[in-house]
Amino acid sequence: MSARLLAGVLAWSAAAPLVVTVASPRGERRVPVRAERGYPSVAVAQLAPVLSVEAGPPRGGAAHVRVLGRQFDFVLDAGYFRFDGRIYTLAGGPYVARDSLFVPLQWLIEYLPRFFDGVLRYDGGRARFEERPGGVALRPPTAAAAGPPAAPAVPAGRRRRIVALDPGHGGRDVGMIGPLRTRPFLREKDVTLAVARHVAEELERRGVGVVLTRTTDTLVALGDRGRIAGGRGADVFVSIHVNAASRRWRDAEGARGFETYFLAEARTEDARRVARMENASVRFETTADASNGDPLSFILNDLAQNEHLRESSRLAALVQDALSVVHPAESRGVKQAGFMVLATSYMPAVLVEIGFGSNYPEARYLTGAAGQRRLARAIADGLERYLAEYERRVTAGNP
Ligand SMILES: [Zn+2]
């Protein structure tokens, strides 16, 4: 968790009550507020006897909670939820403890009163959450009602666009090391940071705002990278990586070239291989809990109707095209696969494999200042073209 995110969570936790009284015509109950995960949470089972709140057992890393008949979708330990087709962010995620599903108090007392205006109310002074009787019509959540800290949908109208640049790996997660069959001199985490910094300079010079998910040699959890970007108002997300040939390939050290991915179900074994390789970064994250199943599959299912899919594939095409102009090796094309780092960024998002660090000439190119700058300028070109297209669509009233 970034210092900024952590500060937000702490500020929020300090104001939280130790007990919340929940009340409805069915009765009243004092529900203890837990802070075992560092942010205030309550057990759904404690709410259910009094409020119209119910939840099935979490499955595959996903949890669904129904409130007054409307469904909220959560991913365990992930700081967001989906309701009515929109994504909203939370200071912390739901979790299972002592066979019970806990949900963040923030969801209960901050969000629910907004979604069920006039039916659900929270009185902060008395730490009292109330469900009023009667089937009052729900006010559908709107962008205005959502407000912060909802994940930003790209707002209409002109404003400075912000690109999130995500240098892959970092800290003890070195990424790939190359090239093969010689003394290795390339570490992926160094190349991705150097190139991302150059892209940032390029974009800033062109008047585009930039957020970097890391600026030093530190490890940032895959699940936090998209959240950092979203929390800082980014409009698009670009993760930068270096590819590595599988040693099992017949001509492993000969493989080279660049490819750009967007998040969707993988279509080829090679795309699956690259996603497995990049997702393996979670093994460096001490907070990762392997028992939580695969939240990614849940998000992937969700993506079928996700508007960002089309946007992301367009962004990937423009970045890949721009790289084709400068890259010494041939284009391996635009591909799709299930990257965890893209799954938590609710905005058009791509992952670029800028070359094979396992190939000697390509490793030289990727570690050289000239190559890094050339690739960075190309990535900035692709992004700039994408943002210009996007701006035209927004202006035409057809985002
Ligand atoms: Zn990587």
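Here goes a summary of the coordinates provided.

Conventions and cut-offs
For every chain, the first residue of the written sequence is number 1, and numbering continues from 1 onward in sequence order. In keeping with the predicted nature of the model, local features appear solely for residues at pLDDT of at least 70, side-chain atom pairs appear and are counted solely at 80 or more, and the whole-chain, interface and lining totals rest on all residues. We count a stretch as a helix when DSSP gives it H or I for four or more residues in a row; a strand needs E for two or more, and each element gets its number in order from the N terminus. Three exposure classes are used, all based on how many other C-beta atoms lie within 10 Å of a residue's own C-beta (placed from the backbone): buried at 20 or more, exposed at 12 or fewer, and partly exposed between those limits. Here, residues touch in the contact sense if the C-beta positions derived from the backbone fall within 7 Å of one another. Only when DSSP finds a minimum of two bridges between them are two strands counted as paired. Axis definition: a line fitted to C-alpha atoms, limited for helices to the stretch in contact. Angles are taken between N-to-C directions and run from 0 to 180 degrees. Each nonpolar core reported here comprises buried Ala, Val, Leu, Ile, Met, Phe, Trp, Tyr and Cys residues connected via C-beta atoms within 7 Å. An angle counts as roughly parallel when it lies under 35 degrees, as roughly antiparallel when it exceeds 145, as roughly perpendicular when it falls between 65 and 115, and as oblique in every other case. Crossing chirality is assigned from the near helix's rotation relative to the far helix, an anticlockwise turn below a right angle marking it left-handed and a clockwise turn marking it right-handed. Under this grouping Gly is polar, as are all residues other than the nonpolar Ala, Val, Leu, Ile, Met, Phe, Trp, Tyr, Cys and Pro and the charged Asp, Glu, Lys and Arg. Any helix carries an expected span of 1.5 Å times its number of residues minus one.

Each helix and strand counted, the protein chain has 12 helices and 20 strands in total. Among the 399 residues that make up the protein chain, the fraction classed as buried is 45%. Restricting to contacts in the protein chain with at least 6 residues of sequence separation, those with at least 24 account for 71%.

Before going further, it helps to examine the sheet that holds strand β1 (residues 19–24). One open sheet holds the 4 strands; their spatial order is β2-β1-β12-β11, and the pairing between them is mixed. Edge positions in the sheet fall to β2 (27–32) and β11 (120–123), since each of these pairs with one other strand and no more. Neighbour-to-neighbour, the strand axes of this sheet turn through a mean angle of 20°, independent of strand direction. Bridging between β1 and strand β12 (residues 128–131) involves 3 bridges; their strand directions are parallel. By the bridge assignment, A23 is partnered in β12 with E130.

Turning our attention to the nonpolar core. Grouped together as the largest cluster of nonpolar side chains are 67 residues, with contacts concentrated most on V163, V236, V238 and I379. Sorting elements by how many residues they give to this core places helix α12 (residues 369–395) first, with 8 residues. Once you skip the residues sitting within four places of it in the chain, I379 turns out to touch V199, V238, V319, A322, L323 and V352. Among the nonpolar cores identified, the runner-up in size contains 40 residues, and V42, V53, A78 and Y88 belong to it.

So, on to unusual backbone geometry. In this structure, the amide linkage connecting G178 to the following residue, P179, adopts the cis form with an omega of 0°. Along the chain, P179 turns up in the loop between β14 (177–178) and β15 (186–187). The phi torsion at L68 lies on the positive side, around 50°, for a residue other than glycine. Along the polypeptide, L68 turns up in the loop between β5 (62–67) and β6 (70–75). Taking the number of C-beta atoms within 10 Å as the measure of exposure, L68 has 16 and is therefore partly exposed. The backbone phi angle of D99 is positive, close to 60°, even though this residue is not glycine.

Below, the discussion takes up the packing of helix α5 (residues 188–205) against α12. When two helices pack together, their arrangement is captured by the angle between the axes and the distance separating the axes. At a closest axis distance of 8 Å, the pairing of α5 and α12 adopts a crossing angle of 50°. On the basis of the axis angle, α5 is oblique to α12. When the axes of α5 and α12 are compared, the crossing they make is right-handed. Two secondary-structure elements touch here, α5 through A194, V195, H198, V199, E202 and L203 and α12 through Q372, R373, L375, A376, R377, I379, A380 and L383. Here the contact of α5 with α12 is built from residues that sort into 9 nonpolar, 2 polar and 3 charged.

Given a rise of 1.5 Å per residue, 27 residues ought to cover 39 Å, and the 38 Å separating the end C-alpha atoms of α12 matches this to within 8%. Regarding α12, the residues found buried are G371, Q372, L375, A376, A378, I379, A380, G382, L383, Y386 and L387.

Okay, the sheet that holds strand β9 (residues 95–97) next. Spatially, the 3 strands line up as an open sheet ordered β3-β10-β9, and their pairing is antiparallel. Edge positions in the open sheet fall to β3 (41–43) and β9, since each of these has one partner strand only. Each neighbouring strand pair of the sheet contributes to a mean axis angle of 40°, computed without reference to strand direction. Where β3 and strand β10 (residues 100–104) come together, 3 bridges link them in antiparallel fashion. Paired with A43 across the two strands is F102, which belongs to β10.

Along the chain, R364 falls in helix α11 (residues 360–367). Residue R364 is classed as partly exposed on the basis of its 13 C-beta neighbours within 10 Å. When the C-alpha positions of R364 and P179 are compared, they lie 8.8 Å apart, and in sequence the two are 185 residues distant.

Worth remembering: the numbers are spatial, not functional.
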